[in-house]
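Coordinate inspection notes
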Amino acid sequence: MARMDSTGKYDAVVETDSATRLTGSYELCLILAGQNLCTKVRPQGFDTLDVAPLEVKIDSVIETRDTIRTVVDTTQFDSTALKAEGAPKVVTSSAGRTVTIKGKRRPPRIMGQERVSVQVIKQMPGLAEPDVIRAVQALPGVVQSSDFSTKIYVRGSASDQNLVLFDNAVVYSPSHFGGLFGTFLADAVGGLDFYKGGFETKYGNRLASVLQVSSKNGGFDADSGKSLDKWLKGGLRLTVFGGSGFVEGHQGEFSWVYAGRRTWVGEALQAARDAGAENLPNIGYYFYDQQGSAVWGRGGDSIRVSVYQGKDSLTLPPLALEWGNLAVPLNVRKRIQPGLDYKGSLAWSEFEQTFKFSDLVTAINGVKTINTRQELVWDAVAGHQITGGYEYNDFRTRFEFLQPAFGVEQKDNFRTDLHAIYAQDRWVVNPAFTLTGGVRGYYYPETDEIVADPRVSATWRPAPNWKTDLHLGYYHQYITSIRFSSQEQPNEYWYPVVGDLPSTKQSLVAAGVERSDWGPLKLRVTTEGYYKSLKDFLVFYPNQTASQQNEEDKNPDNGISSAQETAKGWAAGGEIAVNKEDGPWTGSISYGLGWSVLRQDPFVNSLGTTKFDATWADWDQRHTFKFATTVNWLGDGENSFWKSRFKRFYLRSTLQANYNSGTPLTGYDGYTSTHLIGQGIDGAQGTGQPVGVEGNTYVGQGFRNQERKPDYFRADLTLLDFGQTAKWRVYYTIINLTDHANVFTISYDTKENPPKKDVTYQFPRLPFFLGAEYEF
């Protein structure tokens, strides 16, 4: 049971059954004047379902552990087909109507799409706040590089090839603390849609994936399934590393939500060192962020304005970093007529960062974007849903690299535009077969490039619990990240395609099979495979001969772009995942296998041609294994081992474990003295400095990325997680339960002779993470 909100949507909570979308899998009942008017749902595309006599649009299905929250737009009940005692009735909806939806969960709309609920995010073991980006890292096909990074590497692609959206506004660096924490506040998030390949034509300018973070509708509680008509509801959270709070409300045609967070990471690390964790760094650090959304709606039309803003400050002498994000999207939806909807968005995105190493090096990077998307969705005829639109981006990028001691002052500022049009038809040929085809076209004035990206997907359901998918697609990307070395950077350094730089291209083929409701445990088993072909991938500081590099230095053309070259490559692999989504214990287990290869294109100039060998990409990871389970000890009885004597009280435990094979490493290949015996570090005679001190020793490197770091393993346990749903919660988490020594970096101390190998490690066992929440 649920009530319509002011935007014309019903928030309905229904019991989970099985993953199918065949005829009769839904039943919609409108309770009107004491009567239950029910009808079956007939398939009409993945998004639109014609429910004779009602037209119903399924906007999203957000999966939770034991319920499915289905947001249903029923704002146009234009029908004369309902009959009672032979007399026709016209059924129209208005705010406050109550509906009951009985049915089974729909599977993801397209292959590779994952939906993650806020409830799942909150249950995951973490360092402090519930982490949206860490939840994405836990999905099959997604690789994380270290404990200190929330960057994601999706199916063999680079981290800058992921499009992260907050209510359709781009967020360029969704991380805090150099990647230790993700952005976005779970208390203001309604859910995640993650496309790890094969995404629709309305998304572009990225190659690997799309993460769409949607704001929460204020006044609806997904845990209790209640829609609250009051102006103020909220909550507070305290953890070892920080505190946060949120407020929300819903009244009539308006709803809103706002959340904020502030950390005390530096103080917490000092306390941990005092308690004996001596290998933790001595840093000065804090970050804060705030996130909110307000929406007005009437009769299915809605206007939503949202904001996300975050700021970081990190001091680790002689290193100092500051960075921050700002995203302000405006989204409008208008029902033009039954079967024809307009969706429009206008967004401002901003990312700024400053990196300083003493007074020796300063790097400044910023990107500001104005984005607008205008879209029409037309349920043209039975079985077809046609989408068409236009998207415009205005990119303003800034990059400065300063080395005062060497007289280096590189400053690049660019303003570039990108135009795109797209069209797509989702055709339900019959209840068992769906074909989706479309094309996205680009015009990039900077290089006067006009290109088209065709994409097609097919879904076949040979039986009620079986689904197969196939996708073919082509993709372009016009903004990239500069990589200064094989070591991972805390954030991306964004740079546009300018001058002679080409856009990056990718061809993709992916296929998958899913079996749901399998066996007595009602498991969902999915296996998917992919192959990507990459062209014109930009690399910085490429392999060149000294004479070639000198010639390039004499002829700079477009600032730092002159130091970039191109590469081609490929990625291939697959995943298999098993999920148990109901009962006293739930869980998932997945295995991924992948290869990622790059080969720099031949370097050609007046001095000749240099060819290069293929190497493993920096993010190549052969094997990944992920496991997660939640055990509900106390609860409602149906989905817990024991029934609690107290209403809505729960007690649960969660275990999450990740194993990854090591990422590539350029190994040690001996060392040499840079000066003759008796010379000092400045090359002058008679200084008395011994050979082998820093500055006199050069550590040679072997073939690029030929070696591997040791394998990675980490298990996190939320031992106790108890509370009262939608009221209060207390939890205790242990990070790296087995105290596994995971390598972070390997370097060599040239003050020693011979140079001494130094290894830095990631998290030790951290057994002190406590959190408490209270809602009012």
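We now turn to the structure provided with this report. (Residues numbered from 1 in each chain as written. Predicted model: local features only at pLDDT ≥ 70, side-chain atom pairs only at ≥ 80, totals over all residues. Heavy atoms only, no water.)

1. Section: the environment of Y495
The criterion, for reference: We count a stretch as a helix when DSSP gives it H or I for four or more residues in a row; a strand needs E for two or more, and each element gets its number in order from the N terminus. Between N or O atoms, a polar contact is any pair within 3.5 Å; within protein, one atom must be a potential hydrogen donor and the other a potential acceptor, and residues adjacent in sequence are included only when both atoms are from side chains.
In this fold, Y495 is placed in strand β36 (residues 494–496). Taking C-alpha positions, Y495 is 9.0 Å from Y478, a pair spaced 17 residues apart along the chain. Reaching out from Y495, the side chain makes a polar contact with the side chain of D412 at a distance of 2.8 Å.

2. A word on unusual backbone geometry
Note the following rule: Type-normalised accessible area, obtained with a 1.4 Å probe on protein chains alone, sets the label of each residue: buried when under 20%, exposed when over 50%, and partly exposed for intermediate values.
The phi angle at F184 is positive, at roughly 75°, despite the residue not being glycine. Among the secondary structure elements, F184 is positioned in the loop between β17 (181–182) and β18 (189–195). Taking relative accessible area as the criterion, F184 reaches 0% and is therefore assigned buried. The phi angle at D448 is positive, at roughly 55°, despite the residue not being glycine. Turning to its location among the elements, D448 is positioned in the loop between β32 (433–444) and β33 (449–463).

3. Concerning the side chain of D453
Rules: Contact definition: two residues touch when any of their heavy atoms are within 4.5 Å.
Within the fold, D453 resides in strand β33. A polar side-chain atom of D453 sits 2.7 Å from a polar atom in the side chain of H476. Ignoring anything within four residues of it in the chain, the contact list for D453 reads G438, V439, R440, Y442, Y474, Y475 and H476.

4. Here we look at the pairing of β18
So the rule is basically this: DSSP bridges decide pairing: two strands pair if at least two such bridges lie between them.
Counting buried residues along β18, 7 of its 7 residues qualify, which places the element largely inside the surrounding structure. As paired strands, strand β11 (residues 113–116) and β18 are joined by 4 bridges and run antiparallel to one another. By the bridge assignment for β18, Q113 is matched with Y195. Relative to strand β19 (residues 209–215), β18 runs antiparallel, the two being bridged by 6 bridges. Bridging from a neighbouring strand, L192 pairs with V213 of β19.

5. Some words on a nonpolar patch on the surface
Our working definition: A residue counts toward a patch only above 30% relative accessible area and without a salt bridge, and it is joined to like-charged neighbours within 9 Å or, for Val, Leu, Ile, Met, Phe, Trp and Tyr, to nonpolar neighbours within 5 Å. Accessible areas in this description were obtained via Shrake-Rupley with a 1.4 Å probe; residue shielding takes into account the shown protein chains only. For this analysis, a salt bridge means a side-chain nitrogen from Lys or Arg found within 4 Å of a carboxyl oxygen belonging to Asp or Glu.
There is a patch of nonpolar side chains on the surface, built from W231, L232, L236, F254, W728, Y774 and F776 and spanning about 740 Å² of accessible area. By secondary structure assignment, the location of L232 is in the loop between β21 (226–227) and β22 (233–239).

6. Comments concerning the nonpolar core
What counts here: For our purposes a nonpolar core is just a set of buried Ala, Val, Leu, Ile, Met, Phe, Trp, Tyr and Cys residues, chained together by side-chain atoms within 4.5 Å.
Ranked by internal contacts, the top residues of the largest apolar core, which has 61 residues, are Y172 and Y495. Among the elements that take part in this core, strand β38 (residues 523–540) stands out by supplying 6 residues, more than any other. Residues in contact with Y172, not counting those within four places in the same chain, are R206, N325, S349, F351, V367, T369, F395, I479 and W494. In terms of nonpolar packing, the next biggest core, distinct from the first, is built from 27 residues, I121, I133, V164 and Y308 among them.

7. Focus on the sheet that holds β19
Strand order in the open sheet formed by 5 strands is β11-β18-β19-β14-β15, and the pairing between neighbours is mixed. Here the strands that pair on one side only, and so sit at the sheet edges, are β11 and β15 (169–170). Relative to β15, strand β14 (residues 162–166) runs antiparallel, the two sharing 2 bridges. Pairing of L165 across the sheet is with V170, part of β15.

8. Quick word on the packing of aromatic side chains
Aromatic rings in a pair are described by how distant their centres are and how their planes are angled relative to each other. This is how it is decided: Any two rings among Phe, Tyr and Trp, with Trp reduced to its six-membered ring, count as a pair given centres within 6.5 Å; such a pair is stacked if its planes are under 30 degrees apart, edge-to-face if over 60, and tilted if neither. Only when the NZ atom of a Lys or the CZ atom of an Arg is both within 6 Å of the ring centre and within 35 degrees of the ring normal do we say a charge sits over the ring.
For the structure shown, the criterion picks out 21 aromatic pairs. On the basis of an interplanar angle of 50° and a centroid distance of 6.1 Å, the ring pair of F641 and W642 is categorised as tilted. Ring geometry for F646 versus F649: centroids 6.4 Å apart, planes at 70°, classification edge-to-face. We classify F646 as exposed; its relative accessible area is 55%. Connected via pairs of aromatic rings, a cluster forms that spans F399, F414, Y493 and Y495. Here the basic side chain of R708 rests over the ring of W616, its NZ or CZ set 5.6 Å away from the ring centre.

9. So, the pairing of strand β30 (residues 384–403)
Taken across its 20 residues, β30 has 14 buried, putting it largely inside the fold. Alignment of strand β29 (residues 361–378) against β30, held across 17 bridges, turns out to be antiparallel. Considered in β30, the bridge of T362 is made with L402. The turn joining β29 and β30, which pair antiparallel and follow one another in sequence, is formed by 5 residues; a positive phi near 90° is taken by G383. Sheet topology places β30 next to strand β31 (residues 408–430); 20 bridges connect them, and they run antiparallel. Bridge pairing links G389 to Y422 in β31.

10. Considering the environment of K334
On the secondary structure map, K334 appears in strand β27 (residues 319–337). For the pair K334 and L376, spaced 42 residues apart in the sequence, the C-alpha separation amounts to 9.7 Å. Once residues within four sequence positions are removed from consideration, K334 is found in contact with D301, L340, D341 and Y342. Among the polar contacts listed, one links the side chain of K334 to the side chain of D301, at a separation of 3.0 Å.

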